[in-house]
Amino acid sequence: MNRVFWNPRVIFFLLLTFAGLPCATAQDDATAALLDRAHHLSASFPDSTILLADSALSLAAAQGNVKQRIRAMEEKAYALTDLGRSEEAIAIYFEALKLCRPPGDNRQIAFIYNQLGYLYLGENDYAAAKNYYTLDLAVHRQMGDEKGCGNQLLNLAGVHRLLHEYDSAVFRLNELEGILTLKRDTLLEGGLYNEKGILFQTTGVPDSARVYYKEAAQAWALGHYDSQLMRALFNLADLEAGQKRTEEALSLYLESDSIARKLHLFHEQVLTGKKIGEMYAAMGNTALAYRYLQDAASLGDSLKIKDDAAFASRLDREFRMEQNRRTIQDQQLRIRREETRLLFVIIISVCAVFLLVIVFTWYRFRQRVRAQVEAAKATFFDNVAHEIRTPLSMILAPVKVLQKKSSDPDEKKQLDLAERNITRLNELITQMLDISKIDAAHYRLNESYGDLQAYFAGIAATCEAQAKEKNMKFTVNVENFPSHGFFDHDALDKIIGNLAGNAIKYTPPGGEAGIDISVTQKDAHPELSISVWDTGAGISAADKERIFDRFYRADPKRGTDARGAGIGLSLVRELVTLMKGKIEVESSPGNGSVFTVTLPLRLAEKNASSSAENGETLVLLVEDDSDILAFNRSLLEGETYKVITAGDGAEAAAVLEKELPDIIITDLMMPGRDGLSLLKEVRSSAATEHIPVIILSAKSAAETRITGVREGAQVFLSKPFVPDELIALVRSQLAILEKQQQRYRSANEDREQTLEERFAGTDPFTQKFFALAVQHLEDSGLSVERLAELMHINRSHFQRKMKTLTGYSPSELLRIIRLETALQLLREKKGNVTEVAYRCGFTSQSYFSKCFVQRFGYAPSVAGKP
Ligand code: ADP
């Protein structure tokens, strides 16, 4: 059975069954194939037939194919009958009968009635058997099937006989005889005569019985129905034995036995063997009697053993079949469960992906919309701010004029009030504009190198003056502080201005406030720490959480009547974040507040600019003789110059990569690279071309001196030299440079000259700087780094060279160019203050005004006035 079960075709069809393929025709084909297979196997492997029929049954049921269901039931019941499981078979036949629809299904119905008759006969329920055979006969009659009718008449005659209804039996046999006269059928003829024989024998008419048995034997012999012939001969033998005609009986039994042997019918062999033994015994031939009886007994025993073994193996098969059925059911269940789970997972994944796509799209959409809204807001603010600022400046200008003219203290007071409020309004607009720019990511930091100490001194002065008006003390404490560094003046102005303004605003008169500024190191990077403190009203814990929110204002009843819009701290936080710093607040009601801002600080690189920033003069000494080098070094250091040294031209060139000296003193003859080659390099590099060079050489021939000067040396001093002469020469060269700076400075202060005129007289390097600055004037993000890049020079050399040439750092010079251009534009009335400020690269008008006033001593708004 296992062999059959694992047959690939069976597995294929079973798989088809389990897979529940949606295609109906494919399933019908699969069921038909299963049924064919079941039918083929039913003779030898009834168990497999049952299994296959079950699968076909469920497949057909799922498909609603009634015909195939009936067929599957028949196959199963047939196999069950084979296995002797009559009750189950009967139950299935009844089920099948319910599905059958006459007359279409008459053949099936007839088959089932016949099977039921047969099964009930086996169960010795003759009445039921008679009933089903009768029904079967009726169906066959209806179908006009004479052969079928004949079979059922014969069956019925047998049943009637068993029920002792002999007349009925004879009646049925006569009927059969009638059919056979019309149509010969040796099989049925033999059956008819045999049944007649049995009937006569049973009713005690042995002579007639003998005649019919012989007739039957003859008919079956004629038709070569051997097993039937054997039956007729056996019946006849039994009859003769009953009549004590032992010899006749013996010969008939022997004939019957030989057929049984030929057909391998073992049960029949046992019966005939036993009978033959008895006959021999009756005839007194004990030896033969013993042999036949002995053979029959041992064959009977072995058959019994075989039957028992067959029964055991049947039980075993059934058990395994049941197991297989369960495994298949489990597999089906598991497959279905896995399918459901898979489906579930797929649905969930699809939903999740779908959801993610929606969320992502929504997020992108929101971001885009927000960016558009912020940009629109920024443009709107920009426009509105400009619209408000212009009339404001038109109000401020006459107020200022009136302030100057007015001598009446009362009137002056009124005008001061007007001026203060205009300024406040202006600041508010600037702050809102800044915030909207930050929101739209349009705000650009503008870091430049500058004097930190001077800057904070300016802040201190402003705050102190502001505090004084309110009768408050304001202290600025600067600790551990470098003089110069890179910082965004404008942003820092806004941060400190707001924090210090709040400290003064929210502290009652008589109180104290101040700023503590220090530079600390964090992970080896300098940080600027600005703490703005006050002894004012303080801030509650709940307010502390929200004061940085836009438009949030704490409860004004806390003891101060300060007005505001609630945007100052919000702007401060945005700027601090933009500058990659942080802000913290410590405060409690009644105990004042401390706002601490920490910002990363970039100090100027030490090497190149340090001596310049310190005002030190840097001298590069190039000399291969160590004694002369040491002597000259101490000589120059005695003059408070800072000295760096190099052993030859190559070493000096390497030094020049990092340091930019104010003057170079070099020997001519040196191992490695000589002084002339160094001189050529100095003159050909943009960074060093301006540096004065003094040649100090033992080669004093006129030719050498001429070559030196021709290559660009300022002075040729022959060795041995008088130390004072060297010092005097160095001084004179430095004085020339200084004069140049002064000339430039004074030219710069000459208000009569235009910018172009002022720069026209300078060296080519400064002129190039001027041209680039003018070209990029509107770019508020133009930094020293960018300018150095445009000038093809490294930033530190650029700083130092500009300072040496002009006396100004590049950022100072850039600011001067911006402001002078602004002044020129205002004078020529080429725009209002705001427009001009923006055209000259200032992002904040207040910062522009501050710088403007610092440089020219009056506000930009009055610049255009006659
Ligand atoms: P404004 O001052 O215009 O109201 P700010 O954003 O500058 O807006 O400040 C928000 C709030 O934080 C203020 O309304 C005030 O209540 C509180 N605040 C700010 N600085 C201080 C301070 N130094 N002392 C007490 N409260 C302060």
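One numbering rule holds for all chains: residues counted from 1, following each sequence as written. The model is predicted, so local features are restricted to residues of pLDDT at least 70 and side-chain atom pairs to those at 80 or more, both for listing and for counting; the totals for chains, interfaces and linings are taken over all residues. The side-chain values count all of the structure's non-hydrogen atoms but skip hydrogen atoms and water molecules.

1. What to know about the overall build of the chain
Helix and strand assignments follow DSSP, with helices taken as H or I runs no shorter than four residues and strands as E runs no shorter than two, numbered in order from the N terminus. Regarding its fold elements, the chain presents 34 helices and 12 strands. In this setup the radius of gyration rests on C-alpha atoms only. A globule is expected at 2.2 Å times the number of residues raised to 0.38. A compact globule built from 866 residues would reach a C-alpha radius of gyration of about 29 Å, whereas the chain, at 63 Å, exceeds it by more than 25%. Summarising its shape, the C-alpha atoms of the chain cover approximately 175 × 85 × 50 Å along the three principal directions. In this scheme, a residue with accessible area under 20% of its type's maximum is buried, one over 50% is exposed, and one in between is partly exposed, where area comes from a 1.4 Å probe on protein chains only. For the chain, with 866 residues in total, the buried portion stands at 45%. Two residues form a contact once any of their heavy atoms are found within 4.5 Å. Of the contacts formed within the chain by residues at least 6 apart in sequence, a portion of 64% connects residues at least 24 apart.

2. As for the confidence of the model for the chain
Per-residue confidence for the chain gives a mean pLDDT of 84; residues scoring 70 or more make up 90%. Note on residues 605-614: pLDDT under 50 across the span, and 17 contacts to partners over four residues away in sequence or across chains. pLDDT measures the predictor's confidence residue by residue and takes values from 0 up to 100.

3. So, the pattern of salt bridges
In the sections that follow, a salt bridge refers to a side-chain nitrogen of Lys or Arg positioned within 4 Å of a carboxyl oxygen of Asp or Glu. Inspection of every chain in the model, using the stated rule, returns 31 salt bridges. In this structure, Glu177 engages Lys196 in a salt bridge whose closest nitrogen and oxygen atoms are separated by 2.9 Å. In this pair, Glu177 is assigned in helix 10 (residues 166-182) and Lys196 in helix 11 (residues 186-202), connecting sequence segments 19 residues apart. Looking at Lys196, the relative accessible area reads 9%, which means it is buried. Arg673 is paired through a salt bridge with Glu681; the nearest N and O atoms lie 2.4 Å apart. Residue classification places Glu681 among the partly exposed residues on the basis of a relative accessible area of 29%. Salt bridges linked by common partners bring Asp207, Arg210, Glu240 and Arg245 together as one network.

4. Some words on the site of the ligand
The full set close to the ligand counts 20 residues, and Asn502, Tyr506, Asp534, Arg553 and Leu569 are the nearest of them. For the purposes of these results, a polar contact is taken to be a pair of N or O atoms within 3.5 Å, where, inside protein, one atom must be able to donate a hydrogen and its partner to accept one; residues adjacent in sequence count only when each atom of the pair is a side-chain atom. Note that an oxygen atom of the ligand is positioned 3.3 Å from one of the backbone N or O atoms of Gly568. Leu569 is positioned such that a nitrogen or oxygen atom in its backbone is 2.8 Å from an oxygen atom of the ligand. When the ligand sits alone it has 530 Å² of accessible area, and the protein chains cover 97% of it. Elements that contribute at least two residues to the shell around the ligand include exactly helix 19 (489-505), helix 21 (568-578) and strand 7 (593-600). The element that contributes the greatest number of residues to the shell around the ligand is helix 19, accounting for 3 residues. Under the scheme applied, nonpolar residues are Ala, Val, Leu, Ile, Met, Phe, Trp, Tyr, Cys and Pro; charged residues are Asp, Glu, Lys and Arg; polar residues are all the others, including Gly. Residue composition of the shell around the ligand, by class: 10 nonpolar, 6 polar and 4 charged. Any residue with a non-hydrogen atom lying within 4 Å of a molecule or strand is treated as near it. Residue exposure ignores everything except the shown protein chains as possible cover, and the areas themselves are Shrake-Rupley values with a 1.4 Å probe.

5. Here we look at the packing of helix 13 (residues 226-242) against helix 14 (residues 246-262)
Interaxial distance between helix 13 and helix 14 falls to 8 Å at its minimum, and their mutual angle equals 155°. Taken together, the axis directions place helix 13 and helix 14 in an arrangement best described as roughly antiparallel. Crossing handedness for the pair helix 13 and helix 14: left-handed. Contacts between helix 13 and helix 14 involve Asp226, Leu229, Met230, Leu233, Phe234, Leu236, Ala237, Asp238, Glu240 and Ala241 from the first element and Glu248, Ala249, Leu252, Tyr253, Glu255, Ser256, Ile259, Ala260 and Lys262 from the second. Class assignment for the residues of the contact of helix 13 with helix 14 results in 12 nonpolar, 1 polar and 6 charged. Here the axes come from fitting lines to C-alpha atoms, over the contacting stretch only for helices, and the angles between their N-to-C directions go from 0 to 180 degrees. Orientation is classified from the angle alone, with under 35 degrees giving roughly parallel, over 145 giving roughly antiparallel, 65 to 115 giving roughly perpendicular, and any other angle giving oblique. Take the far helix as the reference: if the near one is turned anticlockwise from it by less than a right angle, the crossing is left-handed, and if turned clockwise, right-handed.

6. A closer look at the state of the cysteines
For the purposes of this analysis, a disulfide is any pair of cysteine sulfur atoms at a distance within 2.5 Å. Taken as a whole and judged by the stated rule, the model has 0 disulfides. With no disulfide of its own, Cys100 has Cys149 as its nearest cysteine by sulfur position, at a separation of 19 Å.

7. A closer look at a nonpolar patch on the surface
The patch calculation keeps residues exceeding 30% relative accessible area without a salt bridge and links them within 9 Å when they carry like charges or within 5 Å when they are nonpolar (Val, Leu, Ile, Met, Phe, Trp, Tyr). A grouping of Trp362, Phe365, Val369 and Val373 is seen on the molecular surface, where their side chains present a nonpolar patch of about 370 Å² in accessible area. Relative to the assigned elements, Val369 resides in helix 16 (residues 286-405). Judged by relative accessible area, Val369 falls into the partly exposed class, the value being 32%.

8. Describing the packing of aromatic side chains
Here a ring pair, both rings aromatic, is described through the centre-centre distance and the interplanar angle of the planes. Aromatic contacts are taken between Phe, Tyr and Trp rings whose centres are within 6.5 Å, Trp giving its six-membered ring; a plane angle under 30 degrees counts as stacked, one over 60 as edge-to-face, and the others as tilted. With the rule as written, the count across this model stands at 21 aromatic pairs. Taking 6.2 Å as the distance between ring centres and 65° as the angle between the ring planes, the aromatic pair formed by Phe765 and Phe798 counts as edge-to-face. Residue Phe765 is found in helix 29 (residues 764-775), and its partner Phe798 is found in helix 31 (residues 795-806); the two are separated by 33 residues along the sequence. The same class applies to Phe765 and to Phe798, which are both buried. An angle of 55° between the planes, with centres 5.0 Å apart, marks the rings of Phe842 and Phe848 as tilted. Of the two residues, Phe842 and Phe848, neither departs from the other in class, the shared state being buried. Among the aromatic side chains, those forming a connected cluster through ring pairs are Phe842, Tyr847, Phe848, Phe852, Phe856 and Tyr858. Geometrically, a charge over a ring is one whose NZ (Lys) or CZ (Arg) sits within 6 Å of the ring centre while staying within 35 degrees of the ring normal. Note that Arg291 overlies the ring of Tyr292, its terminal NZ or CZ placed 5.3 Å from the centroid.

9. As for the pairing of strand 6 (residues 582-587)
The alternating pattern of strand 6 places Ile583, Val585 and Ser587 on a buried face, while none of Lys582, Glu584 and Glu586, on the opposite face, is buried. By the bridge criterion, 6 bridges tie strand 6 to strand 7 in an arrangement that is antiparallel. The partner of Lys582 across the bridge, within strand 7, is Thr598. DSSP calls a pair of strands paired once it identifies at least 2 bridges connecting them. Hairpin connection between strand 6 and strand 7: a loop of 5 residues separates the two successive antiparallel strands, and Gly590 in this loop has a positive phi of roughly 85°.

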